[in-house]
Amino acid sequence: MKNIIISIDGASSTGKSSLAKALAKHYSFKHIDSGAMYRALTFYALHHQLIDKNHFDIDTLVYHLPTIEIDFSTDDFVTLNGKIIENEVRSMEVSNFVSIVAKETLFRKFMVAKQRELGKKGNVVMDGRDIGSVVFPDATIKFFIEASMEVRAKRRFAELTQKNIDVSLSDVISNIENRDHIDSSRDDSPLVIPENAIVLTNNEDGLSHLLEVAISKIDRLNH
Ligand code: CDP
């Protein structure tokens, strides 16, 4: 298969990235986790004290944008100005601020331009919130992943505790609910089911079932 773009959208912790990684491996495509890019920018803002509970210095972050290079290593780990920050971007602190950064149009424009550049050669799986709706409305195939709050919270809690991040299940749930609200209600590129997207439900069956269904839909394109 040539010049294929697979988009996977959905809310937080529905399993988009796991499915995207598994599909990328299956087809030997590149995986681009667009959420990691917003997380990298948020990490930068936190690191430079541009955002906290009480303020967000949008103007200074905009001013710094030309000096900020967000990319991916050959292993698909997110990098900030050349340094892999894959672990740093998964912290609860970044999770607590990322949707506030991601709702700003100027930062979205910056990311969308980079995402289009990263995807232009094709043979990529990109996951996020607006990939099938805004970044690649003409993607070869679009998926939208849904999951219950219980499945989502358990998934994220297990991921974080596995990384020895000290967090309670109730903190995880409130972070997911808060981001759901901001991501779905923002003016620019809110989370929606993209036109022509195939909606898949990630339930207790887990990744292998989801992967099987997604592969069968993709392989059907070739026949
Ligand atoms: O890992 P999880 O599914 O929780 O989130 P993520 O994909 O890492 O995305 C983190 C945040 O970035 C989301 O909650 C959105 O606020 C934002 N995001 C976005 O606005 N657009 C995207 N294409 C991807 C992420």
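Structure: above.
Every value quoted in this text rests on a predicted model; they were computed, and no experiment measured them.

Student: Which parts of the structure should I look at to understand the environment of Ser133?
Tutor: Along the chain, Ser133 falls in helix α6 (residues 131-135). By relative accessible area, which is 26% here, Ser133 ends up partly exposed. Measuring from C-alpha to C-alpha, the distance between Ser133 and Leu191 comes to 8.7 Å, with 58 residues separating the pair along the chain. For Ser133, the contacting residues outside a window of four places in its chain are Asp9, Val192 and Pro194. A polar contact of 3.5 Å, which involves the side chain of Ser133, links it to the backbone oxygen of Asp130.

Student: How should I be thinking about the sheet that holds strand β3 (residues 70-72) in this particular structure?
Tutor: Backbone-to-backbone hydrogen bonds pair the strands of a sheet. The strands run either parallel or antiparallel. The antiparallel open sheet is built from 3 strands, whose spatial order is β3-β4-β5. Pairing within the sheet leaves two strands with one partner each, and these edge strands are β3 and β5 (83-84). Two strands pair when backbone bridges link them, and strand β4 (residues 78-80) and β5 are joined in this way by 2 bridges, in the antiparallel orientation. Bridge pairing in β5 links Leu80 to Lys83. Of the strands in this sheet, β3 and β4 are in contact with helix α2 (residues 34-47), which crosses β4 at around 30°.

Student: I tried to follow unusual backbone geometry on my own but got confused; where do I start?
Tutor: Across the chain, the bulk of peptide bonds are trans and the bulk of non-glycine residues have phi less than zero. Within the chain, Gln49 stands out as a residue other than glycine whose phi angle is a positive 50°. Mapped onto the elements, Gln49 comes out in the loop between α2 and α3 (58-64). Using a relative accessible area of 62% as the deciding quantity, one classes Gln49 as exposed.

What counts, and where the lines are drawn
- Residues numbered from 1 in each chain as written.
- Predicted model: local features only at pLDDT ≥ 70, side-chain atom pairs only at ≥ 80, totals over all residues.
- Heavy atoms only, no water.
- Helix = DSSP H or I, 4+ residues; strand = E, 2+ residues; numbered from the N terminus.
- Buried < 20%, exposed > 50% of the residue type's maximum accessible area, 1.4 Å probe, protein only.
- Contact = heavy atoms within 4.5 Å.
- Polar contact = N/O pair within 3.5 Å; in protein donor to acceptor, adjacent residues only side chain to side chain.
- Pairing = 2+ DSSP bridges.
- Axes fitted to C-alpha atoms, helices over the stretch in contact; angles between N-to-C directions.

No statement about biological role is implied by the geometric values presented.
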